[in-house]
Amino acid sequence: MAGLQTRKKQRLVVVSLAVTTLVGASLLVLLALGGDSLSLFLQPSDIKDRQVETGQHFRLGGLVETGSFSRLDDGLTYRFAVTDCLATQPVEFTGLLPDLFREGQGVVTEGELNSSGVFIASTVLAKHDENYRPPGTMPKAEGQCSHPNDQAAAASYTGG
Amino acid sequence: MAGEIGHFALILALFFALTGAVMPHVGAYRKDTRLMALGDRAVYAQFLMAATAFGTLTYAFVTSDFSVINVATNSHTLKPMLYKISGVWGNHEGSLLFWVLNLTLFGALVSWRGSKLPLQFRGRVLAVQSLLVLGFLMFILFTSNPFERLDPAPIEGNGLNPLLQDPGLAFHPPMLYLGYVGLSVAFSFAVAALIEGEVTPLWARWVRPWALLAWVFLTGGIALGSWWAYYELGWGGWWFWDPVENASFMPWLAAAALLHSAIVVEKRDALKSWTILLAIVAFSLSLLGTFLVRSGVITSVHAFATDPARGIFILAFLALVVGGSLTLYAWRAPKMAPSGLFGFVSRESALVVNNIFLSTFAAVVLVGTLYPLFVEAFGAGQITVGPPFFEYAAAVLMSPLIVALGLGPLLAWKRGNIGRAAQIVIPALVVAAVAGVVLVWQTSGGFVMTAFGLGLAAWLIASVLLEIASRIRLFAAPGKAMTGLKKITRAQWGMSMAHAGLAVILLGITISEAFTSEKLVVMAPGDTADVAGYSFTFEGVAPVAGPNFTAVRGFFTVREGDAILTSLTPEDRVYANPPMNTTEAAIYPLFSGDLYAVVGEAAGAGRWSVRLYFKPMISAIWLGALMMMIGGILSLSDTRLRIGLPTGKKQAQKPSAKAAPKTGPKTVQGARA
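In this text the structure is predicted, and so the values were computed from the model without any measurement. (Residues numbered from 1 in each chain as written. Chains lettered and ligands numbered in written order. Predicted model: local features only at pLDDT ≥ 70, side-chain atom pairs only at ≥ 80, totals over all residues.)

## Comments concerning the overall build of chain B
Right, so step 1: When helices and strands are counted, chain B shows 19 helices and eleven strands.
Right, so step 2: Against the compact-globule benchmark of 26 Å for 673 residues, chain B has a radius of gyration of 27 Å, which places it among compact chains.
Right, so step 3: Overall, the C-alpha framework of chain B stretches about 85 × 75 × 55 Å when taken along its three principal axes.
Right, so step 4: Here chain B holds 673 residues, and 55% of them are scored as buried.
Right, so step 5: By sequence separation, contacts in chain B at least 24 residues apart represent 74% of the contacts at least 6 residues apart. (Helix = DSSP H or I, 4+ residues; strand = E, 2+ residues; numbered from the N terminus. Rg over C-alpha atoms; globule rule 2.2 N^0.38 Å. Buried ≥ 20, exposed ≤ 12 C-beta atoms within 10 Å, placed from the backbone. Contact = placed C-beta atoms within 7 Å.)

## Describing the overall build of chain A
Right, so step 1: When helices and strands are counted, chain A shows three helices and seven strands.
Right, so step 2: Ordered by position from N to C terminus, the α and β elements of chain A give α-β-α-β-β-β-β-β-β-α.
Right, so step 3: For chain A, with 160 residues in total, the buried portion stands at 38%.
Right, so step 4: Within chain A, contacts between residues at least 6 apart in sequence are counted, and of these 56% link residues at least 24 apart.

## A word on the nonpolar core
Residues and elements named next belong to chain B.
Right, so step 1: Judged by nonpolar contacts, the single largest core of 247 residues is most densely connected at A186, A255 and A279.
Right, so step 2: In terms of residues, this core owes the most to one element, helix α8 (residues 201-232), which gives 20 residues.
Right, so step 3: Discounting chain neighbours no more than four positions away, the residues touching A255 are L183, A211, A214, W215, L218 and A282. (Core = buried A, V, L, I, M, F, W, Y, C linked by C-beta atoms within 7 Å.)

## A short note on the domain arrangement of chain B
Right, so step 1: Assigned domains of chain B: these are domain 1 (1-157), domain 2 (172-415), domain 3 (417-515 + 621-629) and domain 4 (517-617).
Right, so step 2: The centre of domain 1 of chain B, based on its C-alpha atoms, is set 45 Å off from the matching centre of domain 3 of chain B. (Domains from an automatic or database assignment.)

## Things to note about the sheet that holds strand β10 (residues 593-602) of chain B
Whether parallel or antiparallel, the strands of a sheet pair through hydrogen bonds between backbone atoms.
All names here are of chain B.
Right, so step 1: Read from one edge of the open sheet, four strands run β2-β11-β10-β9, paired in antiparallel fashion. Both outer strands of the open sheet, β2 (517-523) and β9 (586-589), are each paired with one neighbouring strand and no more. Averaged over all neighbouring strand pairs, the angle between strand axes comes to 15°, with direction disregarded. (Pairing = 2+ DSSP bridges. Axes fitted to C-alpha atoms, helices over the stretch in contact; angles between N-to-C directions.)

## Things to note about the pairing of strand β2 (residues 58-64) of chain A
Residue and element names in this part refer to chain A.
Right, so step 1: In terms of residue burial, β2 counts as a mostly covered element, since seven of its seven residues are buried.
Right, so step 2: Pairing of strand β1 (residues 38-42) with β2, which is carried by three bridges, proceeds in the parallel orientation. By the bridge assignment for β2, L40 is matched with F58.
Right, so step 3: Two strands pair when backbone bridges link them, and β2 and strand β4 (residues 77-83) are joined in this way by two bridges, in the antiparallel orientation. Bridged to L63 within β4 is T83.

## A short note on the packing of helix α12 (residues 347-377) of chain B against helix α13 (residues 387-407) of chain B
Residue and element names in this part refer to chain B.
Right, so step 1: Where α12 contacts α13, the axes come no closer than 9 Å and their chain directions differ by 170°. Comparing the axis directions of α12 and α13 gives the class roughly antiparallel. Along the contact surface, α12 presents A350, V353, N354, F357, T360, F361, V364, V365 and G368, while α13 presents F389, F390, A393, L397, M398, P400, L401, A404 and L407. (Parallel < 35°, antiparallel > 145°, perpendicular 65-115°, else oblique.)

## Overview of helix α18 (residues 619-637) of chain B
Right, so step 1: Look at α18(B): 27 Å from first C-alpha to last across 19 residues, which is about the 27 Å you get at 1.5 Å a residue.
Right, so step 2: The inward-facing, buried residues of α18(B) abut α8, α17 (490-515), β9 and β10 of chain B. (Expected span 1.5 Å × (residues − 1).)

## Re the confidence of the model for chain A
Should the pLDDT be low somewhere, the predicted coordinates at that spot are not to be read in detail.
Residue and element names in this part refer to chain A.
Right, so step 1: Across chain A, the average pLDDT comes to 72, with 70% of residues at or above 70.
Right, so step 2: By mean pLDDT, the top-scoring element of chain A is strand β5 (residues 88-94) (91), and the lowest-scoring one is helix α3 (residues 148-153) (39).
Right, so step 3: Considering only residues more than four positions removed or in separate chains, one finds that residues 129-135, a stretch of pLDDT under 50, has 25 contacts.
Right, so step 4: In this model residues 147-160 is a low-confidence stretch, pLDDT under 50, and it forms 32 contacts with partners more than four residues away in sequence or in other chains. (pLDDT = per-residue confidence, 0-100.)

## What to know about the packing of α17(B) against α18(B)
Residues and elements named next belong to chain B.
Right, so step 1: Relative to each other, α17 and α18 sit at 170°, their axes nearing to 7 Å. Considering their axes alone, α17 and α18 lie roughly antiparallel with respect to each other.
Right, so step 2: Tallied by class, residues from the contact of α17 with α18 come to 19 nonpolar, nine polar and one charged. (Nonpolar A, V, L, I, M, F, W, Y, C, P; charged D, E, K, R; others polar.)

## Observations concerning helix α6 (residues 119-143) of chain B
Right, so step 1: Taking 1.5 Å per residue as the helical rise, α6(B) with its 25 residues ought to reach 36 Å, and the 36 Å between its terminal C-alpha atoms agrees with that figure.
Right, so step 2: Where burial is concerned, most of α6(B) is hidden: 21 out of the 25 residues are buried.

## Examining unusual backbone geometry
Residues and elements named next belong to chain B.
Right, so step 1: In the segment running from D151 into P152, the intervening peptide bond is cis, with an omega of 0°.
Right, so step 2: When you line up the elements, P152 lands in the loop between α6 and α7 (167-196).
Right, so step 3: At S64, a residue that is not glycine, the phi angle is positive and equals roughly 50°.
Right, so step 4: On the secondary structure map, S64 appears in the loop between α2 (33-62) and α3 (69-74).

The structure is reproduced here in structure tokens:
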């Protein structure tokens, strides 16, 4: 009979279908994870250590260095420096900066280095941490540079 | 004083949870109905205590009692009342208390609506639910007490993060939490069934409404969150495949799979172990989501205040719940009675296909979300998995699902006829092909993937409509169509509505992704910029003052041709407490799409940097989500599916003996103390 089947046959069909989909999905994962959907998350001092090449897409996290921020004449392009208190990386970004962007505070940018070593950011991510300091932007050597804005913005009593 | 009452109530709740988690099992072991029934008393007491605690915390927020650290850190006297209240769950400690409140609420609801459940089984369910309450209460009392005092009390509080001071976000966490916690009920039912060692169609009838309810809330919570991101963050984006977003999306996928597989258990007494596993996995993914969000192990755009100690506690709890329930599953599931049969071509098979694709997708999202953790653990540096990965996976795994979704509802239960179903949906195929080809032709072949997406959406909508038409025999007997229409049950309307909702979402995503027009410019007053045929004239800026912020408001007049369509007034707000800027995008929804304007910063000489968008059909994304929710609610309101009120009549008619509610020496029925 074509309609009803034995329990064994039914299980075989269901299991083989599931296995096929799973294998397909695993191949997909391997394929995609090897490609350009992965990006490194680096702080400024990692850039030299890892010898990141020009044109390689990665995320850069750190603090916006106090006094480094400026706007170019076109009114849309901004320059600033991201620091982890060990190294400083100049960044250029065209667009609207997110609300939480401020000198002395944490920032995560996405983009690539150009030939003169400037990080051309395609995105500057808005972070909305309750304590105003997103993870991944904590300086590696926090004691070595002072960021008065950051201190003031951090909650003065942190609870718990 | 209020704070101490709340704290005390939480400690009492902890003891009630302990009682509720242990006594019903003891009762079942000793065949003591009074001990079994203690589960009911315990969950009501837990709910009462949790509500008291939540009430006192709310009172502290409303009256701005800054001697409570939590209030001082997250509130401010000048905050509007809505945000004083939403501030209660807008922070870590309060949100956990809210989680517990919901957990106890659902426990009490199960007890209230489930009076027809066999006493022993109900006792077990409530015991598992109490165990979850116990875990979360320990978490709160040991690591995140919301009632901790501050001495001396400050005169003014820190204020709530202004980005969170928004109506959309005031209701986003509660919805999401109700969804997460709703899945706990399915989990408790699954674990109780494993302990009892039996799953019946009646079991599925009890579980499905809860899974559906949780799914409706999750849908609403996710939709609100993405809507908020769209209008508040001012990037024009609405979904970023960020770990925190994935954390809510995975339980949604699992819940969707669960509420479909439960149908097969109910109708055919098949897929039993799989459904149990799904119920466990769905809630585990909710817990995992909480862990990811609260521990900060993964870099996320939406960072929350995090604390490693808390992360470790949740991880241990997660390991205990997931490990414990899966061990129980491995031990008990093989002993369950073998499943009923269904044909290869049948509605059941279509639901199996649905489950395979939904759960594979959930697994792929899980891998993509956790992959950075593994890479970091093996010392290969910090990485992120970007949206292309997830978009690729979504396209590959969801397309076949949507194709199957069009056909599934047309197949008969148990043994279907693919030829008959195919005949009905031929028009849908034509509609889909035409939609795709027209788009490719209109854009001269530039948007093949968009054409494909549009074709899928058209296919799905058309097949949903054709399914209704064939149900009422619209073409065979048009005269009787109205009578047929009235015969369609609410559950069936719900299904059609939810499926159509998916099609509408797909339509919104496809069109808005492909045809959004964007312009980033510096404008002086009087300048005009053209975006997608609409001309935006910048009229200048003016300062405005709000209750707890000041703002710069930009004025735009939008014209289509010569006719004035609307004026847009985006704002750049500066909040005083805490000192912070937020962007308020101005959005004007047209039928064809949204006009969207954001004002940036002064660029000197009276000029301002602005970003202007036209986003075609983007509202369809949230409209579709709303349709899904309405579909779910319609289905819930169907009398045959009302929560915890299985009639049992239909079951008795079934030939299968297992369909009847289980009776036997172990079970003591209806003896509620």
